[in-house]
Amino acid sequence: MTRIGIDLGTTNTLCSYWPPGAKRPQLIPIPQPIGPKEKVDSLKLLPSAVYVESEQTVFAGRWVKLDSRTASEQKPYFLSMKKRMGTTYVREVNGLTITPEWVAACLLQVVRKSAENYLGKAIDEVVITVPASFSTEQRAATLEAAKLAGLPRSGLKLVDEPTAALCHALNEQGHELLSEGQHKQYIMMIDIGGGTFDVSIVQVIRNAEETLDITLLGCSRYNEMAGDDFDLYIAAFLLNRMEQQRGFDYSELTHNEAADLAAVTLYRAEEAKQKLSKLARESVSSPLRYNRDLMEKIQVPVEISAMGPLEAENYRDQLTVKDLGLALKRFLPDLLNRHKNREDKLYSYTIAKPIEEAMESVRQSSEAFAVFDYMDLHEVLLTGGSAHIPLLEMAINQIVARPPRTLTDTMESVALGASVFGAWVAGEHGELVHLHERINDSVFLQLPDGRFEEVLSKNNVIPLKNYPCPTRSLKIGGEGIYKQVELRLFLGQSAQDPFMAPMTTSHILTFPEPIPSGTPINIHCSVGPDRCFHFTFTARLAEGSEIKAKAKVVQDRTAQGLAHLPQVNLTRL
Ligand SMILES: Nc1ncnc2c1ncn2[C@@H]1O[C@H](COP(=O)(O)OP(=O)(O)OP(=O)(O)O)[C@@H](O)[C@H]1O
Ligand SMILES: [Mg+2]
């Protein structure tokens with residue numbers, strides 16, 4: 001069995017593999033162009049950037065990212081397409097129809113080929129990470145991309161990025177993370193990458209026999225509040241200052257000049273952000289304690305040269321840590337007015353929003369957690385490339401009222417964790433860890449009168465291995481006799497959910513004999529080792545006999561995704 005883990009990130013894609021007998025997984029190097037086309041090298045990170053020259057010639061990785069930011073000619077580059085997964089985004093290039101799934105498939109194909117070459121064998125199992133906040137459509141689109149990339153369909157699993165990062169952290173430093181003598185602990189995992197600010201809260205129970213039970217209790221909703229967005233705000237800050245200092249009128253630029261200036265400034269903004277964060281971390285013993293003077297002193301030069309009026313003379317500027325704070329102000333909550341602002345919309349668009357959402361989703365999960373508070377957290381872990389920004393660490397410290405712990409390998413933890421997760425679920429390398437997760441959406445069956453009957457509750461906590469879920473019983477109403485039951489399942493938060501999502505494929509469940517209306521039907525559900533829901537519908541006839549029909553339903557976080565769930569509808573004979 002050859003298994004790989006893939007972190008399909010908004011900015012960077014990485015691949016990991018756990019060699020037999022090794023203590024931990026390792027990254028698989030990914031060959032990619034790093035300079036003008038013929039220069040190819042192997043790197044740990046494959047920047048999630050694709051350039052489509054023609055149907056036969058597609059480039060991905062480091063060189064494409066650099067070229068997209070610095071070349072004077074605007075070419076068909078595709079960057080940060082993960083943000084558009086599951087949407088109707090389409091672009092025509094040289095007669096080719098490019099969708100976000102197609103771009104993701106190009107990246108996954110590069111990864112698959114690199115892994116096959118590196119390991120010298122075909123891949124049987126793949127764990128791909130997705131933001132915890134990804135919707136059903138976004139998860140289905142990721143699976144579609146994996147299919148297009150030729151990854152093995154049967155051995156395909158999705159796992160949430162923070163869960164993967166936590167698996168990695170526990171595998172590396174489990175004993176350090178879990179305080180001695182604590183039977184039950186709550187850990188908040190924050191993954192700040194290029195595209196999303198993802199927050200998950202897990203419960204870790206250490207059992208008497210030293211086994212661990214890990215349960216995902218809650219997570220934030222999908223947002224765009226990460227590295228890419230920070231770069232946009234820093235670029236806008238630089239352009240504003242340039243306008244004021246040089247008296248530029250951007251409206252005089254041609255479309256191409258403006259696009260070029262935007263691309264170059266964005267590139268310089270990201271570069272300055274990374275250098276500043278690195279310097280700030282190196283300059284102070286604890287980034288959480290740096291003072292105002294230091295914020296002015298720590299600075300990096302920024303040089304911008306672009307087409308048009310800027311071509312003749314480069315624009316030079318300095319960006320200080322204080323400037324970075326001003327540029328990113330919109331993401332940082334005003335904690336002095338925390339209570340006043342909690343009601344305020346503006347507060348809710350800062351990084352406090354996803355953190356609060358994750359806390360709230362835990363409170364909503366059951367009565368037992370109704371008053372779950374920051375004080376109940378034992379540990380707050382930070383990962384993802386943007387976790388390097390000390391300002392964010394400071395803000396998170398204030399929001400959660402405890403210093404977060406930044407993982408040492410922030411850029412790699414999700415990819416490595418994907419392999420740890422795959423091995424743990426398969427019962428390898430860590431028989432002692434049991435993983436559970438909470439179902440985010442309930443599964444509903446639609447009755448002939450249009451009502452929705454919940455067959456699986458959203459707050460069920462299910463292990464990732466075979467497990468029976470609570471059984472439901474319902475009566476098919478109306479007149480007549482049923483032979484076929486057309487399954488039509490819906491997903492939603494409640495029976496009244498206006499956003500109830502009907503599944504696209506319908507599945508006809510045929511009972512071997514006709515069933516009179518009013519016959520009670522018991523619904524039994526279990527989660528199989530393949531992580532699919534196995535539904536058994538048992539009709540109990542008046543004379544005591546039973547008629548059974550079965551349906552296998554794909555769980556949202558695995559295999560073909562919820563978009564392929566059968567739907568439940570009743571048809572008369
Ligand atoms: N030293 C640094 N300081 C500040 N930001 C950094 C640093 N290093 C990387 N980043 C930022 O981290 C982001 C990339 O992080 P990462 O690779 O974790 O994202 P991703 O996994 O591709 O995105 P996502 O998880 O949101 O899909 C980029 O925005 C990059 O600019
Ligand atoms: Mg990431």
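Residues numbered from 1 in each chain as written. Chains lettered and ligands numbered in written order. Predicted model: local features only at pLDDT ≥ 70, side-chain atom pairs only at ≥ 80, totals over all residues. Heavy atoms only, no water.

1. Some points on the overall build of the protein chain
So the rule is basically this: Under the DSSP-based scheme used, a helix requires at least four consecutive residues in state H or I and a strand at least two consecutive residues in state E, with every element numbered from the N terminus. Burial classes: relative accessible area under 20% of the type maximum marks a residue as buried, over 50% as exposed, and values in between as partly exposed (1.4 Å probe, protein chains only). Working rule for contacts: check all heavy atoms of both residues, and any pair within 4.5 Å makes them a contact.
Along the protein chain, the regular secondary structure elements total 13 helices and 32 strands. By residue count, 57% of the 573 residues in the protein chain fall in the buried class. Contacts in the protein chain between residues far apart in sequence, at least 24 positions, make up 66% of those at least 6 positions apart.

2. Considerations on the site of ligand 1
Counted only if it meets this: Here a residue is considered near a molecule or strand provided that any single heavy atom belonging to it is located within 4 Å of it. Two N or O atoms count as a polar contact when they lie within 3.5 Å, although within protein this holds only if one can serve as hydrogen donor and the other as acceptor, and sequence-adjacent residues are included solely when both atoms are side-chain atoms. The Shrake-Rupley method, run with a 1.4 Å probe, gives the accessible areas here. Residue values count only the displayed protein chains as cover. Each residue gets one label: Ala, Val, Leu, Ile, Met, Phe, Trp, Tyr, Cys and Pro are nonpolar, Asp, Glu, Lys and Arg are charged, and the others, such as Gly, are polar.
Neighbouring residues of ligand 1: 21 residues in total, closest Thr10, Thr11, Lys82, Gly195 and Glu270. Within the side chain of Lys82, one N or O atom sits 2.7 Å away from an oxygen atom of ligand 1. Within the contact set of ligand 1, an oxygen atom lies 2.9 Å away from a side-chain nitrogen or oxygen of Gln274. Contact with the protein chains removes 95% of the 650 Å² of surface that ligand 1 exposes when unbound. Broken down by element, the residue count for the shell around ligand 1 peaks at four residues, all from helix H6 (residues 255-283). Of the residues contributing to the shell around ligand 1, the split by class is two nonpolar, 15 polar and four charged.

3. A short note on the sheet that holds strand S9 (residues 77-79)
For clarity, the cut-off: Two strands qualify as a pair provided that DSSP identifies no fewer than 2 bridges between them. Here an axis means a line fitted to C-alpha atoms, over the contact stretch when the element is a helix, while the angle between two N-to-C directions is reported on a 0 to 180 degree scale.
The strand order across the open sheet formed by three strands is S8-S7-S9, and the pairing between neighbours is antiparallel. The sheet terminates laterally at strand S8 (58-60) and S9, the two strands that pair on one side only. Strand-to-strand twist across the sheet, computed as the mean angle between neighbouring axes with direction ignored, equals 20°. Sheet topology note: the strand S7 (residues 49-52)/S8 ladder contains three bridges and is antiparallel. Across the sheet, residue Val50 finds its bridge partner in S8, namely Ala60. Of the strands in this sheet, S7, S8 and S9 touch helix H1 (residues 62-70), which is tilted by about 105° from S9. Against the sheet, helix H2 (residues 100-119) contacts S7, S8 and S9, and its axis sits at roughly 105° relative to S7.

4. Details of H2
So the rule is basically this: A helix's residues, less one, multiplied by 1.5 Å, set its expected span.
Over its 20 residues, H2 runs 28 Å from end to end, which matches the ideal 28 Å to within 8%, given 1.5 Å per residue. In the segment just after H2, Gly120 is the residue with positive phi, at about 70°.

5. Some points on helix H11 (residues 352-365)
What sets the pattern is the α-helix's 3.6 residues per turn: residues three or four places apart point alike. The end-to-end C-alpha distance of H11 is 20 Å, a good match for the 20 Å that 14 residues give at a rise of 1.5 Å each. Among the 14 residues in H11, 11 count as buried, and that is most of the element. Taken together, the buried positions of H11 are occupied by Ala352, Pro354, Ile355, Glu356, Glu357, Ala358, Met359, Ser361, Val362, Arg363 and Ser365.

6. Some points on the confidence of the model for the protein chain
For clarity, the cut-off: The predictor's confidence in any single residue is recorded as pLDDT, a number from 0 to 100.
Averaged over every residue, the pLDDT of the protein chain is 80; residues scoring 70 or more account for 77%. This stretch, residues 555-573, has a pLDDT under 50; its non-local contacts, to residues over four places away or in other chains, come to 96 contacts.

7. Some remarks on the nonpolar core
Put simply, the rule is: Among the buried residues, those of types Ala, Val, Leu, Ile, Met, Phe, Trp, Tyr and Cys that are joined through side-chain atoms within 4.5 Å form a nonpolar core.
The biggest cluster of nonpolar side chains holds 57 residues, and the ones touching the most others in it are Met188, Ile190, Ile355 and Ile396. For this core, the element with the highest residue contribution is H6, accounting for seven residues. Apart from residues no more than four positions distant in its own chain, Met188 is found in contact with Val199, Ser200, Ile201, Ile355, Met359, Tyr374, Leu377, Glu379, Val380, Leu381 and Val400.

8. Some points on the pattern of salt bridges
One side chain can pair with another of opposite charge once the charged atoms of both are near each other. What counts is decided by this rule: The rule for a salt bridge is simple: a side-chain nitrogen of Lys or Arg has to be within 4 Å of a carboxyl oxygen of Asp or Glu.
Going through the model one piece at a time under the given rule, you end up with 24 salt bridges. Between Arg112 and Glu116 there is a salt bridge, with its nearest N and O atoms 3.2 Å apart. Here Glu116 and Arg112 lie together in helix H2, a separation of four residues that amounts to about one turn. The salt bridge partner of Asp231 is Lys273, with a shortest N-O separation of 2.8 Å. Here the residue Asp231 occupies a position in helix H5 (residues 227-246), and Lys273 occupies one in helix H6, the gap between them amounting to 42 residues.

9. Side note on the packing of aromatic side chains
To keep things clear, this is the line we draw: What counts as a ring pair is set by centres within 6.5 Å for rings of Phe, Tyr and Trp (its six-membered ring), and what kind of pair is set by the plane angle: stacked under 30 degrees, edge-to-face over 60, tilted for all other angles. Sitting over a ring, as applied to charges here, requires NZ of Lys or CZ of Arg to be within 6 Å of the ring centre and within 35 degrees of the ring normal.
Following the criterion strictly, the structure yields eight aromatic pairs and no others. Between Tyr186 and Phe369, the ring centres sit 5.9 Å apart and the planes meet at 90°, which makes this aromatic pair edge-to-face. On the criterion of sequence distance, the pair formed by Tyr186 in strand S14 (residues 184-192) and Phe369 in the loop between H11 and strand S19 (379-383) is long-range, its members being 183 residues apart. Phe369 shares its class with Tyr186; the two are buried. Ring centres 4.9 Å apart and planes at 80° place the aromatic pair Phe230 and Phe331 in the edge-to-face group. Placement of the pair is Phe230 in helix H5 and Phe331 in the loop between helix H8 (321-327) and helix H9 (338-342), with a sequence separation of 101 residues. Phe331 matches Phe230 in its accessibility class, with the two residues each being buried. These aromatic residues form a ring-pair network of at least three members: Tyr51, Phe59 and Tyr77. The positively charged end of Lys75 is found above the aromatic ring belonging to Tyr51, 5.4 Å away from the centroid. For Arg330, the ring lying beneath its charged end belongs to Phe331, and the centroid distance is 4.3 Å.

10. Quick look at the packing of H1 against H6
Condition: Working rule for angles: under 35 degrees goes down as roughly parallel, over 145 as roughly antiparallel, 65 to 115 as roughly perpendicular, anything else as oblique.
Relative to each other, H1 and H6 sit at 125°, their axes nearing to 7 Å. Classified by the interaxial angle, the pair formed by H1 and H6 is oblique. Seen from H1, the contacting residues are Lys65, Leu66, Ser68, Arg69 and Thr70; seen from H6, they are Ala263, Val264, Leu266, Tyr267 and Glu270. Across the contact of H1 with H6, the residue classes break down as five nonpolar, two polar and three charged.

11. Considerations on the pairing of S19
By the criterion of burial, S19 is predominantly enclosed, with five of the five residues buried. Because side chains alternate across S19, one face comprises the buried residues Glu379, Leu381 and Thr383, and the other comprises Val380 and Leu382, equally buried. Relative to S19, S14 is paired through five bridges, and the arrangement is parallel. When the bridges of S19 are listed, Ile190 appears paired with Leu382. Where S19 meets strand S20 (residues 405-406), two bridges bridge the pair, whose relative direction is parallel. Looking at S20, one finds that Leu382 is bridged to Thr406.

12. A look at the packing of H5 against H6
Quick reminder of the rule: Crossings are classed by handedness, with left-handed meaning an anticlockwise turn of the near helix from the far one by less than a right angle and right-handed meaning a clockwise turn.
Across the interface, H5 lies against H6 with an axial gap of 8 Å and an inter-helix angle of 110°. The angle between the axes of H5 and H6 places the two elements in the roughly perpendicular class. As for the relative orientation of H5 and H6, their crossing is right-handed in sense. Of the residues in H6, those in contact with Gly227, Phe230, Asp231, Leu232, Ile234, Ala235, Leu238, Leu239 and Met242 of H5 are Leu261, Thr265, Leu266, Ala269, Glu270 and Lys273. Of the residues belonging to the contact of H5 with H6, the class tally is 10 nonpolar, two polar and three charged.

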